[in-house]
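Descriptive analysis of the structure
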Amino acid sequence: MALQREGFGEVENTVRGVLRDVLGLSEERVAAFNEATPLFGALPELDSLAVAGVLTEIEDRLGILIEDDEVDGDMLESFGALTRFAADKALR
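Definitions and limits used
- Residues numbered from 1 in each chain as written.
- Predicted model: local features only at pLDDT ≥ 70, side-chain atom pairs only at ≥ 80, totals over all residues.
- Heavy atoms only, no water.
- Salt bridge = Lys/Arg side-chain N within 4 Å of Asp/Glu carboxyl O.
- Helix = DSSP H or I, 4+ residues; strand = E, 2+ residues; numbered from the N terminus.
- Buried < 20%, exposed > 50% of the residue type's maximum accessible area, 1.4 Å probe, protein only.
- Core = buried A, V, L, I, M, F, W, Y, C linked by side-chain atoms within 4.5 Å.
- Contact = heavy atoms within 4.5 Å.
- Expected span 1.5 Å × (residues − 1).

1. Some remarks on the pattern of salt bridges
Inspection of every chain in the model, using the stated rule, returns eight salt bridges. In this structure, arginine 29 and glutamate 45 form a salt bridge, with 2.8 Å as the shortest nitrogen-oxygen distance. Of the two residues, arginine 29 sits in helix α2 (residues 27-31) while glutamate 45 sits in the loop between α2 and α3 (48-62), which places them 16 residues apart along the sequence. Of the residues examined, arginine 29 reaches a relative accessible area of 33% and is grouped as partly exposed. Since its relative accessible area comes to 28%, glutamate 45 is described here as partly exposed.

Quick look at the structure:
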């Protein structure tokens, strides 16, 4: 269980880095994100065009494949939801 928790922290840091790099957000702003921080619809930088870039970069950095039918509003609703989705894929 500790290993999985450690892996989750790595995934969380990766997702933070992707949001920072792809959306051009400041380190401070991304560091303040928590589980409940709203993303899609709340961050003007994360529009429908930016979603593809964010997901592609998550795939590249975590070595995962995100299928088109897995992408939905729930997954992009909050930082926690996106991180859990990525962790579920990466830590299988």
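2. Notes on the nonpolar core
Core analysis: the largest hydrophobic core is formed by 26 residues, its most contacted members being Leu19 and Ile58. Elements that contribute at least two residues to this core include exactly α1 (2-23), α3 and α4 (79-90). Sorting elements by how many residues they give to this core places α3 first, with six residues. Contact partners of leucine 19, with chain neighbours within four places excluded, come to Gly24, Leu25, Phe33, Leu39, Val54 and Phe79.

3. Quick notes on α4
Relative to the 16 Å expected for 12 residues at 1.5 Å per residue, α4 spans 16 Å between its end C-alpha atoms, a close match to the ideal helical length. Most of α4 is tucked away: nine of the 12 residues are buried. Taken together, the buried positions of α4 are occupied by Phe79, Gly80, Ala81, Leu82, Thr83, Phe85, Ala86, Ala87 and Lys89.

4. Details of the environment of lysine 89
Along the chain, lysine 89 turns up in helix α4. On the basis of relative accessibility, which here comes to 16%, the residue lysine 89 falls in the buried class. The spatial distance from the C-alpha of lysine 89 to the C-alpha of glutamate 59 is 9.6 Å, given a sequence separation of 30 residues. Other than its neighbours up to four places away in sequence, lysine 89 contacts Ile64, Leu65, Ile66 and Glu70.

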